[in-house]
Structures are given as structure tokens and as C-alpha cells.
Amino acid sequence: MTTTDAGLAGSHATESARQGSSNQRASGAAADPERVSAVVGAALEGIRSAIREHRVTYSEFDAFKRWLIDVSDTGEWPLFLDVYLEYEVERVAAEDQAGSTGTILGPFWLDDQVRLQSPATLPMRDDEPGTPFVLAGQVRSTDGEPLAGATVDIWHTDDEGWYSGFAEKPPAGNLRGVVTCDDDGRFEIHTRKPAPYTIPLDGPTGKLTETAGWSPWRPAHLHLLVSAPGRRTVTTQLFFTGDEYLDSDVASATKPELILDPRPTGNGAEIRSDYDFVLETG
Ligand SMILES: [Fe+2]
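Every value quoted in this text rests on a predicted model; they were computed, and no experiment measured them. (Residues numbered from 1 in each chain as written. Predicted model: local features only at pLDDT ≥ 70, side-chain atom pairs only at ≥ 80, totals over all residues.)

### Overview of the overall build of the protein
Summing up its helical and strand segments, the protein has six helices and 14 strands in all. For the protein, whose C-alpha radius of gyration is 20 Å, the value lies close to the compact-globule estimate of 19 Å for 282 residues. Once the C-alpha set of the protein is aligned to its principal axes, its extents read approximately 60 × 45 × 30 Å. Split into buried and exposed, the 282 residues of the protein put 35% on the buried side. Counting only contacts in the protein whose residues sit at least 6 apart along the sequence, the fraction spanning at least 24 positions is 74%. (Helix = DSSP H or I, 4+ residues; strand = E, 2+ residues; numbered from the N terminus. Rg over C-alpha atoms; globule rule 2.2 N^0.38 Å. Buried ≥ 20, exposed ≤ 12 C-beta atoms within 10 Å, placed from the backbone. Contact = placed C-beta atoms within 7 Å.)

Have a look at this one:
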């Protein structure tokens, strides 16, 4: 990403985070002092332990302060937190959840995207590059009942790894949509296969990642929020078999059951995957 794109990504993700995540809007509940003390105390002790163990110097402490200020100034807190911490929050949440496997939401979801009826084609440019790709399937309850009117909110990068709304190049709304399933809970979404991408490298999150020698790459993926009335929304991502970054995802969000193996449809270069979702009572 360019400098402009990193700044754009940071500011938009910050604004989105202020409004709360898509399926867990801020409740406004008062913080529990005991819980704040336990969780924040444990986090601070983890940092103090690292200082002692690694003999952190004043020069390193000052560099840390400057980095924290940079993260704030560039609006990269949502990016940093979603890349390096969200997967643990998601794994804790998943321990008492039934239904389809989820993974992290990430910082690039946008509210109020175009609503489409299945079968649907996501908004795209006339010359949208990339392999034509179809994702199809059915949304069911944990009892196996089709969920009529379920919705599949889907967003992903283009063939160059850019998200609309977070980079200059793709137009607003590109490769994003909220698809309503048919009466049998079935959906069919026509789009383009996304590409792997790096987190923005010119901001403090990317600079930290490169300085530490960690891979900044995410494997290609689709983001999905699958919802139905009275059901817990499944927040997930779907990946593609053979992707070279599946085992080195900077966001640690890949799971074996979330990997697609698309097959040619016989319609030119088009490929297709079928993937069903199961939603528990919410
Ligand atoms: Fe993503």
C-alpha cells in the first residue's frame, strides 16, 4: 500500500471501530472494576515481565513511547489490535459457540453496503481483473433447517490486494455486498478471486512487523458475516488451498476448516466453491 493508502486505512478503520464492531455494538455497560483490575493488571505485568527478562533500556523505552504515539497519530490502533490480538479474543469467544467455525472480523468491514438478492454479482468495475469466482451454499440452523432470508455480508480485496474504502484505487463499494438468501437459505455470489496482501508497510504496524522480521502477509481470503433473525451471527473468513501464506498469516486467522478448494465450472476461466453455514440460536 502507498502512504496515502495506509493513512486512509487507518483513519477509516478508526472511525469504524469507534462505532463498535458489526455484530457486537458497544453496549454502554459500565466497566467492572474487578475485571478491569484483573485483565489490565495481567497485561501490564506481562509487559513488566518482558522488561525484566530482556533488560529493556531507556532508549528502547523511549522508542516504544514514540511508536505508541505514531500508532495513535496514524489511526492504526484497529489495524494493530485486529492483526495481533483479535484472534485470541475470537478463540476465547468460540469456546462456547456452536455452528460454523468463525475467525476474526479484521479492520476492513464497512456498514451499509449494497443489498443484493441471491443469485448476486458483487459490485465491480467493467474491467475488474482477476479470476471469476462463485461462492455458493446454504445457511441452516443447528437442527439442519434452511434459514430463509439469511444474509451473507461479504467483502474482500481485488486481484491486487486492495480493499475498497481503504485504498485510493478501487471505487467505493467495490467487491462488497450484503446478499439475501432465497427461501431455502441458499446463496450464490459471483465475484473475483481475491489476492494475498500485506498489512500497510509504511505505518507503525508495518514498520514494527518488518523490523521484527515477521511476515506482513495475509493469505487471500473472503470476509463474511452470515446472519439470520434470532441466530448468532457467524463472523468468518474463507481461504484458498495452495496459498503460500496459509501457514504464515500475520493475523493468525486461518483454520483448516476454512480453506476452500475451488473447481472450474466449465464456464471459461470461472472457478467455484460450495460452502454451507450453520447458525446457532442467538
Ligand atoms: Fe482481510
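Following the structure, the description resumes.
### Quick notes on the pairing of strand β9 (residues 221–227)
Summarising burial for β9: seven of the seven residues are buried, a large majority. In β9, alternate side chains face the same way, and those of His 221, His 223, Leu 225 and Ser 227 on one face and Leu 222, Leu 224 and Val 226 on the other are all buried. Strand direction decides the pairing type here: strand β4 (residues 151–156) and β9, joined by six bridges, are antiparallel. Pairing of Ile 154 across the sheet is with Leu 224, part of β9. Where β9 lies against strand β10 (residues 234–240), six bridges are found, and the strand directions are antiparallel. Opposite Leu 224, over in β10, you have Thr 236 as the bridge partner. (Pairing = 2+ DSSP bridges.)

### Focus on the sheet that holds β4
In spatial order, the strands read β1-β5-β4-β9-β10-β11; together these six strands make up an open sheet with mixed pairing. Of all the strands in the sheet, just β1 (115–117) and β11 (259–260) have a single pairing partner and so form its edges. With three bridges joining them, β1 and strand β5 (residues 176–180) adopt parallel strand pairing. Within the sheet, the bridge partner assigned to Leu 116 lies in β5 and is Val 179.

### Considering the environment of Lys 193
If you trace the backbone, Lys 193 turns up in the loop between β6 (186–192) and β7 (197–198). For Lys 193, a count of 22 C-beta atoms within 10 Å gives the class buried. Here the alpha-carbon distance between Lys 193 and Gly 102, two residues 91 residues apart in the chain, equals 20 Å. Excluding anything up to four places from it in sequence, Lys 193 contacts Gly 130, Thr 131, Phe 133, Ala 220 and Ile 271.

### Regarding the nonpolar core
Soluble globular proteins: nonpolar side chains tend toward being buried together. Formed by 48 residues in total, the largest nonpolar core has its most connected members in Val 139, Val 152, Ile 154, Ile 189, Leu 224, Val 226 and Leu 279. Ignoring any residue separated from it by four or fewer positions in sequence, one finds Val 139 in contact with Leu 147, Ala 150, Cys 181, Gly 185, Val 226, Ala 228, Phe 277 and Leu 279. (Core = buried A, V, L, I, M, F, W, Y, C linked by C-beta atoms within 7 Å.)

### Some details on the pairing of β10
Burial runs high along β10: seven of the seven residues are buried. Burial of the side chains of β10 extends over both faces: Val 234, Thr 236, Leu 238 and Phe 240 are buried on one face and Thr 235, Gln 237 and Phe 239 on the other. The antiparallel hairpin formed by β9 and β10 contains six residues in its connecting segment, where Gly 230 sits at a positive phi of about 75°. Across two bridges, the pairing between β10 and β11 is parallel. Directly across from Phe 239, in β11, lies its bridge partner Ile 259.

### Digging into the UniProt feature "domain: Intradiol ring-cleavage dioxygenases" (unreviewed entry) in the protein
In the numbering used here, UniProt assigns the "domain: Intradiol ring-cleavage dioxygenases" (unreviewed entry) feature to residues 135–163. The span residues 135–163 is 0% helix and 45% strand, and its two end C-alpha atoms sit 19 Å from each other. (UniProt positions renumbered as here; feature names shortened; annotations may be inferred.)

### Observations concerning the packing of helix α3 (residues 58–73) against helix α6 (residues 204–212)
A pair of packed helices can be characterised by two numbers: the angle between their axes and the separation between those axes. Axis separation between α3 and α6 bottoms out at 9 Å; the angle between their running directions is 140°. It follows from the interaxial angle that α3 and α6 lie oblique. From α3, Trp 67, Asp 70 and Val 71 reach across to α6, where they touch Pro 204, Thr 205 and Leu 208. Of the residues contributing to the contact of α3 with α6, the split by class is four nonpolar, one polar and one charged. (Axes fitted to C-alpha atoms, helices over the stretch in contact; angles between N-to-C directions. Parallel < 35°, antiparallel > 145°, perpendicular 65-115°, else oblique. Nonpolar A, V, L, I, M, F, W, Y, C, P; charged D, E, K, R; others polar.)

### Here's the deal with unusual backbone geometry
The omega angle of the peptide bond from Ser 118 to Pro 119 is -5°, so this bond is cis rather than trans. Despite not being glycine, Arg 55 has its phi angle at roughly 50°, a positive value. Its location among the elements puts Arg 55 in the loop between α2 (33–54) and α3. With phi around 60°, Leu 175 is a residue other than glycine that occupies positive phi space.

### A word on the environment of Asp 247
Secondary-structure assignment places Asp 247 in the loop between β10 and β11. Between the C-alpha atom of Asp 247 and that of Arg 125, which follows or precedes it by 122 residues, the distance is 32 Å.

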